[in-house]
Amino acid sequence: MKDFIIPDDRDMGTPARQGAPVTLTVDGFAVTVPEGTSVMRAAAEAGLQIPKLCATDSVEAFGSCRLCVVEIEGRRGTPASCTTPVAPGMVVRTQSDKVRKIRTGVMELYISDHPLDCLTCAANGDCELQDMAGMVGLRDVRYEAPQSGGLTNHFEARSGGEANPQWMPKDDSNPYFTYDPSKCIVCSRCVRACEEVQGTFALTIQGRGFESRVSAGAMGDDFLSSDCVSCGACVQACPTATLQEKSVIELGTPERSVVTTCAYCGVGCSFKAELNGDQVVRMVPYKGGKANRGHSCVKGRFAYGYAAHKDRILGPMIRESIDEPWREVGWNEALEFAANKLRGLQEEYGRRSIGVITSSRCTNEETYLVQKLARQVFANNNTDTCARVCHSPTGYGLGQTLGTSAGTQDFDSVEQTDVVIVIGANPTDAHPVFASRLKKRLRAGAKAIVIDPRRIDLVKSAHIEASHHLALRPGTNVAVVTAMAHVIVTEGLMDEAFIRERCDWDEFAEYAEFVSDPRHSPEATEALTGVPADELRAAARLYATGGNGAIYYGLGVTEHSQGSTTVIGIANLAMMTGNVGRPGVGVNPLRGQNNVQGSCDMGSFPHELPGYRHVKNADVRAVFESLWGVEIDPEPGLRIPNMLDAAVDGSFKGLYCQGEDILQSDPDTKHVAAGLAAMECVIVHDLFLNETANYAHVFLPGSTFLEKDGTFTNAERRINRVRKVMAPRSGYADWEVTQLLANAMGGDWSYDHPGQIMDEIAATTPSFSGVSYDLLEEVGSVQWPCNEAHPEGTPLMHVDGFVRGKGRFIVTEYVATEERTGPRFPLLLTTGRVLSQYNVGAQTRRTENVIWHEEDVLEIHPHDAELRGIKDGDWVRLNSRTGDTALRARATDRVSPGVVYTTFHHPDTQANVVTTDFSDWATNCPEYKVTAVQVSLSNGPTDWQEDYAAQAARARRILPAAE
Amino acid sequence: MSPEKMVHMANQIAIFFESQPGEGQAEKVADHLNDFWEPRMRAQLLDHIAAGGEGLHPLVLDGADKLRAPA
Ligand code: SF4
Ligand code: SF4
Ligand code: SF4
Ligand code: FES
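Residues numbered from 1 in each chain as written. Chains lettered and ligands numbered in written order. Predicted model: local features only at pLDDT ≥ 70, side-chain atom pairs only at ≥ 80, totals over all residues. Heavy atoms only, no water.

1. With respect to the overall build of chain B
No. 1: Of the regular secondary structure elements, chain B holds four helices and zero strands.
No. 2: In sequence order, chain B lays out its α and β elements as α-α-α-α.
No. 3: Over its C-alpha atoms chain B spans a radius of gyration of 11 Å, differing by no more than 12% from the 11 Å that the globule rule assigns to 71 residues.
No. 4: When each of the 71 residues of chain B is scored for burial, the buried share is 55%.
No. 5: Considering only contacts in chain B between residues 6 or more positions apart, those separated by 24 or more positions represent 64%.
No. 6: As displayed, chain B offers around 3100 Å² of accessible surface, 55% of which is attributable to carbon and sulfur atoms.
No. 7: For chain B, the centre of its 6 positive side-chain charges and the centre of its 11 negative side-chain charges are spaced 7 Å apart. (Helix = DSSP H or I, 4+ residues; strand = E, 2+ residues; numbered from the N terminus. Rg over C-alpha atoms; globule rule 2.2 N^0.38 Å. Buried < 20%, exposed > 50% of the residue type's maximum accessible area, 1.4 Å probe, protein only. Contact = heavy atoms within 4.5 Å. Areas by Shrake-Rupley, 256 points an atom, 1.4 Å probe, with all protein chains shown as cover. Lys, Arg positive; Asp, Glu negative; His and termini not counted. Charge placed at Lys NZ, Arg CZ, Asp CG, Glu CD.)

Pasting the structure below:
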């Protein structure tokens with residue numbers, strides 16, 4: 001098989017620098033590097049490796065091991081090359097008798113305190129200590145620990161017959177890696193990685209000299225009980241087997257690697273899948289990945305075990321009714337069954353009685369095919385995506401104001417930001433690698449403004465503290481954003497030159513008049529929003545005047561009745577302060593699932609063909625009509641909530657749902673269940689029998705991201721390759737299954753490889769016209785638009801003008817949601833997610849990540865808890881106008897009084913039983929983030945939960961295969 | 001869809017456009033409905049309007065003649 005050739009991936013020793021070119025010679029070779037580069041890195045650029053132990057290019061040099069010494073003409077002594085910056089004309093010698101002697105001396109000391117069990121060590125062949133011993137030519141070790149105590153070693157449990165006080169047992173509390181202190185060389189690379197790369201500060205070096213040890217957390221902590229978030233940065237940085245993946249200990253060192261993309265979140269980290277044969281040994285963050293620059297989080301790095309989980313269903317199954325158990329059948333039978341049902345429904349109930357839901361987890365190519373199935377084969381526009389329930393307001397809001405439905409920047413841009421507003425997003429949990437990059441920038445002096453009802457980690461954690469935390473009441477985003485605009489306009493802090501040049505001035509004038517009304521002042525809205533006026537004023541001033549201002553937002557913005565209006569308000573803020581069109585600024589939606597951006601781009605929405613072009617436009621339809629040989633319906637199709645309503649009404653009867661679990665993820669579970677139950681043919685295409693499958697008639701087994709080729713598009717519009725590292729366990733990749741279904745319905749498709757699907761996307765969609773797999777092989781990844789004008793993609797949007805021409809200001813009037821608190825439901829529930837889990841949890845719950853999040857809990861302010869007689873850990877009942885559920889309470893002042901919070905990762909909690917079917921005015925994106933609730937003590941699960949569990953168990957029965 | 005829900009959703013759109021400066025709000029409401037509401041939803045809305053349009057925001061009613069009747 002042909003693997004993508006991994007470009008230069010060497011450890012350059014110290015981080016890259018930017019600066020004026022400096023030329024020096026190293027061992028007689030001239031090399032030119034940016035000012036500030038270390039001698040070590042300069043040598044590496046010239047292709048010369050200097051021995052090193054404590055330096056690695058993910059962290060700043062520390063200069064402790066002295067293995068990297070060199071000689072420099074005109075300088076005394078032997079400076080460490082990792083901490084010595086280059087100078088013009090410098091003449092460096094990396095080899096001489098003098099440095100060789102120093103290096104062997106250093107190595108000898110290290111090795112004298114290191115166990116020599118190399119052959120059976122997990123890092124055998126992948127150990128820098130081993131490599132360096134070889135490189136410096138260490139031949140004998142003369143030191144020996146004295147038999148009678150005194151200076152002993154760290155690696156023998158007993159020495160001289162006595163227990164060795166220096167020896168410490170292995171810490172294997174973390175489910176994914178071990179810490180074996182006996183192999184530690186105290187280079188502190190792990191400590192620096194945890195600080196500089198991850199920003200968690202979980203590790204320290206305790207003690208001095210011979211006593212010094214790496215320690216996680218405080219005294220008595222192990223890795224699991226410490227602040228460690230299991231990102232793996234320390235494991236990556238460790239040169240020895242001290243910090244080692246358990247999978248490597250178990251499976252051995254990998255012999256091949258394939259670059260691919262994490263399938264968990266919208267950051268879109270690049271990984272090297274390291275394998276033996278088709279067995280994944282570990283996932284290692286890839287340095288060349290432009291979204292993650294070599295960093296990762298616990299999900300992408302470690303939580304891939306679901307791919308081999310026993311719950312995976314590997315063959316198709318069918319049943320006539322959902323009361324029956326599943327019947328395992330062959331692919332042909334399942335597809336024929338499904339195709340006949342769907343065609344039958346269309347004959348009986350009309351062309352528009354069936355539809356599809358595309359997945360934001362699947363690849364662009366797969367999504368494209370699913371919407372094509374609806375448009376070409378079903379001949380309607382009933383296609384939607386779970387992005388409906390998260391970022392559809394982004395599409396509308398940014399489309400209307402800036403002219404394109406996407407974030408404006410790349411992630412690198414954060415390195416040039418001076419003031420960042422994070423609104424309705426919790427990056428340390430939901431977008432961890434982006435959060436690490438942001439925290440790094442904050443530690444370097446940038447300011448943060450957090451607008452969120454909860455005190456998220458960005459408000460205050462190790463070595464960072466937000467300048468302002470506007471803890472607004474859920475549902476008042478528009479009022480807060482408009483009040484910020486009020487301050488900026490009335491205090492004259494806007495960038496008039498920018499507005500005059502780049503935006504429609506008359507529209508701005510109208511907007512300015514609107515926001516200047518005293519009723520929008522922070523003082524006037526304080527009672528409503530709960531945000532102190534002076535705090536809001538200070539935040540607005542900081543954003544407007546503090547240099548490069550960037551806004552990052554998430555679902556706390558979109559999932560509201562006024563989600564689209566808030567997105568518009570955010571765009572207005574950026575435009576009025578001139579914070580668009582250069583590095584360090586912009587409007588950046590943080591996307592939830594890995595391919596939310598892509599699924600929107602690919603025409604998943606019922607009113608838009610690929611590339612955000614409305615189906616009413618005949619010229620756009622013509623492009624696809626001529627290629628597909630059918631007439632395309634000019635009417636918009638049903639959105640997910642509309643599909644469910646229509647199902648309950650009896651006019652929507654069949655659904656093909658790829659890689660989504662709408663029963664668990666969509667609001668008002670009972671309504672979703674009623675809609676699904678009313679359909680006559682529900683096809684679920686997924687890895688597991690998910691919750692939606694309880695109502696399905698056909699189950700088609702899905703493939704994981706490891707089992708297929710394709711692309712994901714992350715929140716930066718970056719198109720990243722997903723590469724197949726093993727054959728699909730069910731026999732077919734997801735794109736093949738969709739093709740089989742289309743063909744069973746007469747589609748006549750004949751794709752042999754996802755690359756051909758991308759070619760079709762490029763041929764039909766102007767913003768993708770330059771994209772091809774060949775290009776991606778060559779350059780790694782591209783950000784759309786990628787076309788003739790931008791052959792290598794577009795890192796920054798709206799540089800010389802807005803995509804729509806003039807930036808458009810739109811009035812943002814606050815409208816209170818209908819969902820209001822009152823005597824019966826006095827608290828506001830808002831929902832979110834945690835770091836270790838992903839979406840409905842179907843994947844992450846099937847990994848060791850459950851150790852960090854066994855169940856969903858309800859966060860409640862201690863004051864509200866006390867009022868209700870609730871103690872930490874009690875079972876409580878959560879009810880709203882829509883329904884009720886029970887879960888355990890956690891009393892915490894992270895939430896304000898009056899607000900409660902939970903996650904939706906576990907089906908037995910089903911937070912969505914209580915959420916309502918109110919939705920965004922423009923897009924029907926559900927209002928997850930505001931539900932009026934009451935909380936009371938309870939004994940355990942509610943009747944509904946028990947009924948649900950019983951129904952689910954019944955619906956999941958599978959008939960034993962006929963002998 | 002329940003009539004209450006439909007009326008609520010249509011009115012949300014009307015309330016947004018009502019807040020916008022300039023002319024032609026009713027038309028903007030109708031355009032939005034034409035662009036985003038599937039034919040059977042518009043049919044239900046038109047039926048409701050024909051039956052008196054109870055509960056609907058005036059801008060929805062004003063824009064009714066611009067609503068495309070589903071084919
Ligand atoms: S895994 Fe990450 S958070 Fe944990 S100690 Fe290592 S670097 Fe720090
Ligand atoms: S654990 Fe590894 S990286 Fe950390 S100090 Fe020890 S050897 Fe160095
Ligand atoms: S879950 Fe997100 S942040 Fe974590 S590794 Fe995957 S893409 Fe990166
Ligand atoms: S690598 Fe330079 S001092 Fe350790």
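2. Regarding the nonpolar core
Residues and elements named next belong to chain A.
No. 1: Counting residues in hydrophobic clusters, the biggest one holds 66 residues, and the most contacted among them are L203 and L243.
No. 2: A per-element tally of this core places helix α12 (residues 432-443) first, with four residues.
No. 3: Those residues in contact with L243 that lie beyond four places of it in its chain are F177, T178, Y179, C190, F223, C234, V235 and C238. (Core = buried A, V, L, I, M, F, W, Y, C linked by side-chain atoms within 4.5 Å.)

3. What about the site of ligand 1?
Residues and elements named next belong to chain A.
No. 1: Near ligand 1 the following residues occur: F177, C194, Q198, L203, F223, C228, V229, S230, C231, G232, A233 and C234.
No. 2: Counting residues per element, the ones that place at least two in the shell around ligand 1 are α4 (189-198) and α5 (233-237).
No. 3: The class makeup of the residues in the shell around ligand 1 is nine nonpolar, three polar and no charged. (Near = heavy atom within 4 Å. Nonpolar A, V, L, I, M, F, W, Y, C, P; charged D, E, K, R; others polar.)

4. Quick word on the site of ligand 3
Residue and element names in this part refer to chain A.
No. 1: In the vicinity of ligand 3, the contacting residues are C262, Y264, C265, V267, G268, C269, F271, C297, K299, G300, P432 and V433.
No. 2: Of all the secondary-structure elements, those providing two or more residues to the shell around ligand 3 are α7 (298-302) and α12.
No. 3: Of the residues contributing to the shell around ligand 3, the split by class is nine nonpolar, two polar and one charged.

5. Observations concerning the interface of chain B and chain A
No. 1: Each partner contributes to the interface: chain B provides 24 residues, whereas chain A provides 35 residues.
No. 2: By the criterion of area lost to chain A, the three top residues of chain B are B:F16, B:F36 and B:R40, representing 25% of everything that side buries.
No. 3: Connecting chain B to chain A are four salt bridges.
No. 4: As a salt-bridge pair, A:K616 and B:D35 come within 2.9 Å of each other at their nearest N and O atoms.
No. 5: Inspection of the chain B/chain A interface yields ten residue pairs in polar contact (both at pLDDT 80 or more).
No. 6: Looking at the side of chain B that touches chain A, the elements with two or more residues in it are α1 (3-18), α2 (25-36) and α3 (39-50) of chain B.
No. 7: Among the elements that line the side of chain B that touches chain A, the one with the most residues is α1(B), at eight residues.
No. 8: A breakdown of the residues in the side of chain B that touches chain A according to their chemical character gives twelve nonpolar, six polar and six charged. (Buried area = accessible area lost by both parts, 1.4 Å probe. Salt bridge = Lys/Arg side-chain N within 4 Å of Asp/Glu carboxyl O. Polar contact = N/O pair within 3.5 Å; in protein donor to acceptor, adjacent residues only side chain to side chain.)

6. Overview of helix α13 (residues 477-490) of chain A
Residue and element names in this part refer to chain A.
No. 1: With 14 residues, α13 should reach 20 Å at 1.5 Å per residue; the first-to-last C-alpha distance of 20 Å fits that figure.
No. 2: Judged by how many residues are buried, α13 sits mostly within the fold: 13 of 14 residues are covered.
No. 3: Following α13 by one or two positions, G492 has its phi on the positive side, about 65°. (Expected span 1.5 Å × (residues − 1).)

7. Observations regarding the domain arrangement of chain A
In many analyses, interface size is given as the accessible surface area lost on bringing the parts together.
No. 1: On domain assignment, one finds that chain A holds domain 1 (21-136), domain 2 (158-308), domain 3 (330-389 + 595-766), domain 4 (392-589) and domain 5 (827-955).
No. 2: The straight-line distance from the C-alpha centre of domain 1 of chain A to that of domain 4 of chain A is 46 Å. (Domains from an automatic or database assignment.)

8. Let's talk about the packing of helix α10 (residues 392-401) of chain A against helix α19 (residues 563-576) of chain A
Residues and elements named next belong to chain A.
No. 1: One way to put it is that α10 packs onto α19 with a least axis distance of 8 Å and a crossing angle of 40°. Taken as axis vectors, α10 and α19 run oblique relative to one another. As for how α10 packs across α19, the hand of that crossing is right-handed. Taken together, the residues of α19 that come into contact with α10 (itself represented by P393, T394, Y396, G397, L398 and T401) are G563, S564, V567, I568, A571, N572 and M575.
No. 2: Within the contact of α10 with α19, the residues separate by chemical class into seven nonpolar, six polar and no charged. (Axes fitted to C-alpha atoms, helices over the stretch in contact; angles between N-to-C directions. Parallel < 35°, antiparallel > 145°, perpendicular 65-115°, else oblique. Left-handed = near helix turned anticlockwise from the far one by under 90°.)

9. Side note on unusual backbone geometry
For residues that are not glycine, phi is negative in most cases, and the peptide bond is trans in most cases.
Residues and elements named next belong to chain A.
No. 1: A cis amide bond, omega 0°, links W784 with the succeeding residue P785.
No. 2: As for its position among the elements, P785 is in the loop between β32 (781-783) and β33 (827-832).
No. 3: Phi is positive for R66, close to 65°, though the residue is something other than glycine.
No. 4: For R66, the location among the structural elements is in the loop between α1 (39-45) and β3 (71-72).

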